[in-house]
Amino acid sequence: MIKFLPAFVVIPLLTAFILPLFSKKNKDAATVLANIVIVSLLVLSVLFVNKTGVYVMGQRSIPLGINLVLDGLSSLLLLAISFVSFAAMLFSIRYMEQYTAKTKYLSLFMLMVAGMNGVVLSGDIFNLFVFLEVASIASYSLVGFGCEHEELEASFKYMVLGSIASAFLLFGIALVYGNTGSLNMVYISEIIQQTGMKNGLAFAMALFIVGFGLKAALVPFHAWLPDAHPSAPAPISAMLSGVLIKALGVYALCRIIFNVFGLSIAISWTLVALGVLSMVIGVFLAVGQWDMKRLLAYHSISQMGYVVMGVGLGALIIAEDGSKIWASLAIMGGLFHLINHAVFKSLLFLMSGSVEMATGTRQLKKLGGLGDVMPITRAVSFVASASIAGVPPFNGFWSKLILVVSAVGAGFYWLAGVTVVVSLVTLISFLKIQRYAFLGELPEYLQQVKESKGSMLYAMIFLACLCVFMGLILLVPSLRENILQPAVNVLMSGQGYANTVKTMVQQ
Amino acid sequence: MKGMSVIVKTISSWVKVLIILFGIYIVLFGHLTPGGGFAGGVVLASSYVLLMLAFGREFVLKNLPLSLDSKLDCVGGILFIAIAILGVVFGGVFFKNCFIEYGQKFNLISAGTIPLSNIVIGLKVGASLYLVIFLLSAFRRDDSDEQSVFRSPEEIHDRAMKDEKESN
């Protein structure tokens, strides 16, 4: 089974190079090919649930060669990437007809998927960087895909900040290599366990936090996100907000901090502080927005804050030798919120794309009364809004519940309070979308508006069903043991990761 | 007269051969000396940049049309992955060396499939860097629309041809 592991990177990469060879006349064939590939990746990622293993490229021994590592955390992220990219690809069959050069769009989309899959599978720190750049550069050009003035500006801003992040990461990797003599995460982890954190490594850690923080758009580093996400075409906004900032930012940050460098109280507090800042500042910036996609983009910052806060709280409890149960619960809350956010935020962005395509605007003040003419879009937007605001029984409720419970259980009452308050403000801003876009009077100039058709609807309904039923991942023990718990165990094991991977290699 | 003076044109038509030769050398000796597919590809693309500066865009476009160039770019990528997949087919592992022996160390034909990978990377990098530089030179502000408009390579190709005709 494990010998099919490179397929996650190879298949989309190969397709990305084949797709531009299709001429404009054959763009339907190209679309079908891209969809088949994405569906096959989805099937593959479901088959790989709760599998572990190491794939060594070219049979060269590990410190020299390149290896791909599949463990619980990787397979959780692979699932999220596959599901969201499936929905986004399905949505773009119809949505991207309004742009020219659809084959190039599909090709860049595939590159982005290949890069993200590579990031979550890579077992060495430099390949992680390479795949991160593949995914980032594809996303820079996808953000500017519409080629209007505003989109190019956002794309340029994103590119400048993204390149700064990459420069920080490269510098950090160079420092790690200089101090440990290895790029393989297993070996770096072992050497750090033997020698402890030297000054150079501590500086590298700071560089990683800034670099991955920029990629994840945590609050002091969030400036690019509110421009970049609204400017992209809707399926790409869904991909960027749904999985890109998670795979490139939060996943890589967790992997480096928990499994490679090991936890300390200072780093854990940094994570908690970044998380809380993102939660609070993101949500208050969001509430005043009148551009629908911009509002959603600010909420991405806020929701990423939940994820980082949950994981950081777990780290803090472990670093302070607190109760393992509350630590694993907090990490589980963070990771569960990560996949929940991937689903409902991509649904919200697809919904905004559907509204924008039908009405030609995304300014909330110009919309109104769409509930009557676009009933299905309205229904999915209700489901997604309820999920993100944490209304039971939708998926967002469960992850926020675990976060609050674990914060209270571990004695961080103020964190629980902040979580609840931010959730309330989230609810207010999504009531605003409901009120201004879907309720009220239908203005004169929107009388001709019709409901979106075909693939766009299927994609939205698919994600809405996921929103409703994803609570089961937590509630049904067999699903939880197979999907969530392995990922939590990887983070809980900390630097035991090195031994786990070594035993996997010997098998 | 298009392009630069006769002196520049004559010299660059001699020098281009040397540059291309040097690029091919860097690609082929990538596994033995510093350099490799990427560096050699950059040198190959720079020969076209020299021609573009000396003779003008139209000359280069006749020599290597953009549509062909972007196909070369894709083919380079596909071939690179194909070499990696051959490793799976013959050796069972991705990127495994197959059907070529490792050979004597420091010989030109050695290191298995690595030189092949270098050649296709050289092709890909050369083609795509040429494309990048050409697009940068063809991308200009269109005052009639009052804002920059991006065009597909085919469109830029057509417009460049039209511009050259008008200037004659």
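This text goes with the structure placed above it.
One structure accompanies this document, and this report is about it.

Rules behind the numbers
- Residues numbered from 1 in each chain as written.
- Chains lettered and ligands numbered in written order.
- Predicted model: local features only at pLDDT ≥ 70, side-chain atom pairs only at ≥ 80, totals over all residues.
- Heavy atoms only, no water.
- Salt bridge = Lys/Arg side-chain N within 4 Å of Asp/Glu carboxyl O.
- Helix = DSSP H or I, 4+ residues; strand = E, 2+ residues; numbered from the N terminus.
- Core = buried A, V, L, I, M, F, W, Y, C linked by side-chain atoms within 4.5 Å.
- Buried < 20%, exposed > 50% of the residue type's maximum accessible area, 1.4 Å probe, protein only.
- Contact = heavy atoms within 4.5 Å.
- Polar contact = N/O pair within 3.5 Å; in protein donor to acceptor, adjacent residues only side chain to side chain.
- Nonpolar A, V, L, I, M, F, W, Y, C, P; charged D, E, K, R; others polar.
- Expected span 1.5 Å × (residues − 1).
- Axes fitted to C-alpha atoms, helices over the stretch in contact; angles between N-to-C directions.
- Parallel < 35°, antiparallel > 145°, perpendicular 65-115°, else oblique.
- Left-handed = near helix turned anticlockwise from the far one by under 90°.
- Pairing = 2+ DSSP bridges.
- 1 Å grid on protein atoms, 1.4 Å probe; cavity = no way out; pocket = protein on both sides within 12 Å on 5 of 7 lines; lining within 4 Å.
- Points joined across faces, edges and corners; volume = space filled by probe spheres on them.

**Describing the pattern of salt bridges**
Pairing is possible between side chains of opposite charge, provided their charged atoms come close. This structure, assessed with the given rule, holds 10 salt bridges over all chains. The partner of aspartate 227 of chain A in a salt bridge is lysine 157 of chain A, and the shortest N-O contact between them spans 2.7 Å. With a gap of 70 residues between them, aspartate 227 of chain A in helix H9 (residues 225-231) and lysine 157 of chain A in helix H6 (residues 149-180) connect regions that are remote in the sequence. Aspartate 73 of chain B serves as the salt-bridge partner of lysine 124 of chain B, at 2.6 Å between the closest nitrogen and oxygen. One end of the pair, lysine 124 of chain B, is in helix H5 (residues 114-138); the other, aspartate 73 of chain B, is in helix H4 (residues 66-91), with 51 residues separating them in the sequence.

**As for the nonpolar core**
Among the nonpolar cores identified, the biggest contains 203 residues, and Met116 and Phe208 of chain A are the most heavily contacted of them. For this core, the element with the most residues is helix H10 (residues 234-261) of chain A, which contributes 20 residues. When neighbours within four sequence positions are excluded, methionine 116 of chain A is seen to be in contact with Ile81, Ala135, Met239, Val243, Leu244, Ala247 and Leu248 of chain A. With 13 residues, the next largest nonpolar core counts Ala45, Leu51, Val60 and Leu66 of chain B among its residues.

**Let's talk about the interface of chain A and chain B**
On the side of chain B, 16 residues touch chain A, which itself brings 17 residues to the contact. Linking chain A to chain B there are zero salt bridges. The interface formed by chain A and chain B includes zero residue pairs in polar contact (both at pLDDT 80 or more). Among the secondary structure elements, those contributing two or more residues to the side of chain A that touches chain B are helix H1 (7-18) and strand S1 (53-56) of chain A. Here the side of chain A that touches chain B is built from residues that sort into 12 nonpolar, three polar and two charged.

**Topic: H4 of chain B**
Residue and element names in this part refer to chain B. In this model, H4 (26 residues) spans 37 Å end to end at C-alpha, consistent with the 38 Å of a helix rising 1.5 Å per residue. Residues of H4 that are buried include every one of Leu66, Asp69, Asp73, Cys74, Gly76, Gly77, Ile78, Ile81, Ile83, Ala84 and Gly87, and no others. Positioned one or two residues after H4, glycine 92 has a phi angle of 85°, which is positive.

**Regarding the packing of helix H15 (residues 375-389) of chain A against helix H17 (residues 413-438) of chain A**
All names here are of chain A. Contact geometry for H15 and H17: axes closest at 9 Å, N-to-C directions at 170°. Taken together, the axes of H15 and H17 are roughly antiparallel relative to one another. Crossing handedness for the pair H15 and H17: right-handed. Taking contact as the criterion, the partners of Thr377, Arg378, Ser381, Phe382, Ser385, Ile388 and Ala389 in H15 are, on H17, Ser423, Thr426, Leu427, Phe430, Gln434 and Phe438. Within the contact of H15 with H17, the residues separate by chemical class into six nonpolar, six polar and one charged.

**Structural notes on the pairing of strand S2 (residues 67-70) of chain A**
All names here are of chain A. Because side chains alternate across S2, one face comprises the buried residues Asn67 and Val69, and the other comprises Leu68 and Leu70, equally buried. By the bridge criterion, four bridges tie S1 to S2 in an arrangement that is antiparallel. Note that in S2 the partner of glycine 53 across the bridge is leucine 70.

**Some points on the layout of surface pockets**
All names here are of chain A. Counted as a void, the second largest pocket has a volume near 280 Å³. Looking at the second largest pocket, it is lined by 14 residues, and the ones nearest its centre are Phe83, Leu466, Met470, Ile473 and Ile483. Of all the secondary structure elements, the ones that give two or more residues to the lining of the second largest pocket are helix H3 (72-95), helix H13 (324-359), helix H18 (455-469), helix H19 (471-475) and helix H20 (477-493). Counting residues per element, the lining of the second largest pocket draws most heavily on H3, at five residues. A per-class count over the lining of the second largest pocket returns 14 nonpolar, no polar and no charged.

**Observations regarding empty space enclosed by the protein**
Residue and element names in this part refer to chain A. Enumeration according to the criterion identifies four cavities of 30 Å³ or more in this entry. Volume-wise, the largest cavity comes out at about 60 Å³. Every residue along the wall of the largest cavity is listed here: Tyr158, Leu161, Gly162, Leu214, Lys215, Trp224, Leu244 and Leu248. When contributions to the lining of the largest cavity are tallied by element, the ones reaching two or more residues are H6, helix H8 (199-216) and H10. In terms of residue count, the dominant contributor to the lining of the largest cavity is H6 (three residues). For the lining of the largest cavity, the class distribution of residues is six nonpolar, one polar and one charged.

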